[in-house]
Amino acid sequence: MNIAIDIDDTITNTYETMVPMIALFYNKDLNKLLHNKPSYKELYSLPNFSHFAKTHYEIVASIAPLKNGVIDILSTLKKEGHKIIIITARNNEEFHNPYQVSYNYLIKNNIPFDKLIVNASNKAEVCLKEHIDLFIDDSTKNCHAVAKKGIPTIQFNSVFDTNSKLNKVTSWEEVYYKIQNMYL
Ligand SMILES: [Mg+2]
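The residue numbering used here restarts from 1 in each chain and proceeds along that chain's sequence as written. Only residues with pLDDT of at least 70 get local features here, since the model is predicted, and only at 80 or more are side-chain atom pairs given and counted; chain-wide, interface and lining totals rely on the full set of residues.

Chemist: Even after reading the chapter, I still don't get the overall build of the protein chain, so can you show me in this structure?
Modeler: Each helix is a run of DSSP H or I of at least 4 residues and each strand a run of E of at least 2, with the numbering of both proceeding from the N terminus. From N to C terminus, the protein chain includes 9 helices and 6 strands. The globule rule used for comparison is 2.2 Å times the number of residues to the exponent 0.38, while the radius of gyration itself is calculated over C-alpha atoms. Computed over C-alpha atoms, the radius of gyration of the protein chain comes to 16 Å, within 12% of the 16 Å expected from 2.2 N^0.38 for 184 residues, which places it in the range of a compact globule. Taken over the C-alpha atoms alone, the protein chain extends approximately 50 × 35 × 30 Å along its principal axes.

Below, the structure is given as structure tokens:
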């Protein structure tokens, strides 16, 4: 299978890395922020957020820790013959070089992949173009859009987006289990 995988909040714990930086930048109470779990949409509406993004996103993208088990599961999937296509919406407006920062991170952290696509503002279209058989992402919007094209999706659960009724997981072990069951 060609498996499409998102980076932020799917391979990495990006949100948890970004929130403390937002607290520092905006002089906000970190405990309150962690408690309120603002969505990305709410964070984007903070004043001058584009300045925060431009000055902090590359740092966040470089230091966000991996989710547990992701290297083992992706290595196993690759050994089983699957292709791993990393598809991220990281873009040139918010990053100086979205491809380079993502590529360097994936290599440095031993994430196996066959292809990296950045600037993917319309992931459903990219999935069709890349002949994707399975899409893994934390975004409800992306999963819905891709599912509409008839491509199976697995949604990574995130602390700030808990309402969707999509095919959800909370760990990479669960992703692997679901993929095994797709063959039955
Ligand atoms: Mg994401």
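Chemist: It is not clear to me how the sheet that holds strand E1 (residues 2–5) should be interpreted in this structure. Could you clarify?
Modeler: Strand pairing in a sheet relies on backbone hydrogen bonds. The paired strands run either parallel or antiparallel. One open sheet accounts for 6 strands, arranged E3-E2-E1-E4-E5-E6; its pairing is parallel. Lying at the two open borders of the sheet, with one neighbouring strand each, are strand E3 (115–117) and strand E6 (168–169). Strands were regarded as paired on the criterion that DSSP finds at least two bridges between them. One ladder, built from 2 bridges, connects strand E5 (residues 153–156) with E6; its direction is parallel. Within E6, the position partnered with Phe 156 by the bridge is Val 169.

Chemist: What exactly am I supposed to notice about the domain arrangement of the protein chain here?
Modeler: How big an interface is tends to be stated in terms of the accessible area lost upon association of its parts. Per the annotation, domain bounds derive from an automatic or database assignment of domains. For the protein chain, the domain assignment lists domain 1 (2–13 + 66–182) and domain 2 (15–63). A C-alpha centroid distance of 22 Å is found between domain 1 and domain 2. Here, residues touch in the contact sense if the C-beta positions derived from the backbone fall within 7 Å of one another. Each partner contributes residues to the interface: domain 1 has 13 residues there, and domain 2 has 12 residues. When residues are grouped by polarity, Ala, Val, Leu, Ile, Met, Phe, Trp, Tyr, Cys and Pro land in nonpolar, Asp, Glu, Lys and Arg in charged, and all others, Gly among them, in polar. Here the residues of the side of domain 1 that touches domain 2 are counted per class, giving 5 nonpolar, 4 polar and 4 charged.

Chemist: Sorry if this is basic, but what is going on with the environment of Tyr 40 here?
Modeler: Along the polypeptide, Tyr 40 turns up in helix H3 (residues 40–44). Sequence separation of Tyr 40 and Phe 160 is 120 residues, and the distance between their C-alpha atoms is 8.1 Å.

Chemist: So what exactly am I meant to see when it comes to the nonpolar core here?
Modeler: Side chains of nonpolar character tend, in soluble globular proteins, to be buried together. Judged by nonpolar contacts, the single largest core of 29 residues is most densely connected at Ile 3, Ala 4, Phe 135 and Ile 136. If you list the elements that add at least two residues to this core, you get E1, helix H5 (70–79), strand E2 (83–87), helix H7 (123–129), strand E4 (134–137), helix H8 (140–148), E5 and helix H9 (172–182). Ranked by residue count, the leading element in this core is E2, at 4 residues. Residues within four places of Ile 3 in sequence aside, it is in contact with Leu 77, His 82, Lys 83, Ile 84, Ile 85, Asp 133, Leu 134 and Ile 136. Grouped together as the second largest cluster of nonpolar side chains are 8 residues, Tyr 15, Tyr 57, Ala 64 and Phe 95 included. We define the nonpolar core as any set of buried residues of the types Ala, Val, Leu, Ile, Met, Phe, Trp, Tyr and Cys, connected via C-beta atoms lying within 7 Å of each other. The burial criterion counts other C-beta atoms lying within 10 Å of a residue's C-beta, which is placed from the backbone; the residue is buried at 20 or more, exposed at 12 or fewer, and partly exposed between these limits.

Chemist: For this particular structure, what's the right way to read H9?
Modeler: Owing to its 3.6 residues per turn, the α-helix aligns residues three or four sequence positions apart on the same side. Listed in full, the buried residues belonging to H9 are Trp 172, Val 175 and Ile 179. Down the axis, H9 shows its buried residues gathered within 45° of arc, on one side only. Within H9, the exposed residues directed more than 90 degrees away from the buried face are Tyr 177, Gln 180 and Asn 181. Looking at the packing, one finds that the buried side of H9 touches H5, E4, E5 and E6. Directions from the helix axis toward the C-beta atoms define the arc.

Chemist: Got a minute to help me understand the packing of helix H4 (residues 49–63) against helix H6 (residues 98–108) in this structure?
Modeler: Helices that pack against each other are described as a pair by the angle of their axes relative to one another and the distance between those axes. The axes used here are C-alpha line fits, helices contributing only the stretch in contact, and every angle between their N-to-C directions lies in the interval 0 to 180 degrees. Direction vectors running N to C along H4 and H6 enclose 15°, while the axes themselves pass 9 Å from each other. Taken as axis vectors, H4 and H6 run roughly parallel relative to one another. When the axes of H4 and H6 are compared, the crossing they make is right-handed. For the pair H4 and H6, contact is made by Glu 58, Ala 61 and Ser 62 and by Val 101, Ser 102 and Tyr 105, respectively. Residue classes in the contact of H4 with H6 are distributed as 3 nonpolar, 2 polar and 1 charged. Orientation labels follow simple angle bins: below 35 degrees gives roughly parallel, above 145 gives roughly antiparallel, 65 to 115 gives roughly perpendicular, and whatever is left gives oblique. Helix crossings fall into two classes, left-handed where the near helix is turned counterclockwise from the far one by less than a right angle and right-handed where it is turned clockwise.

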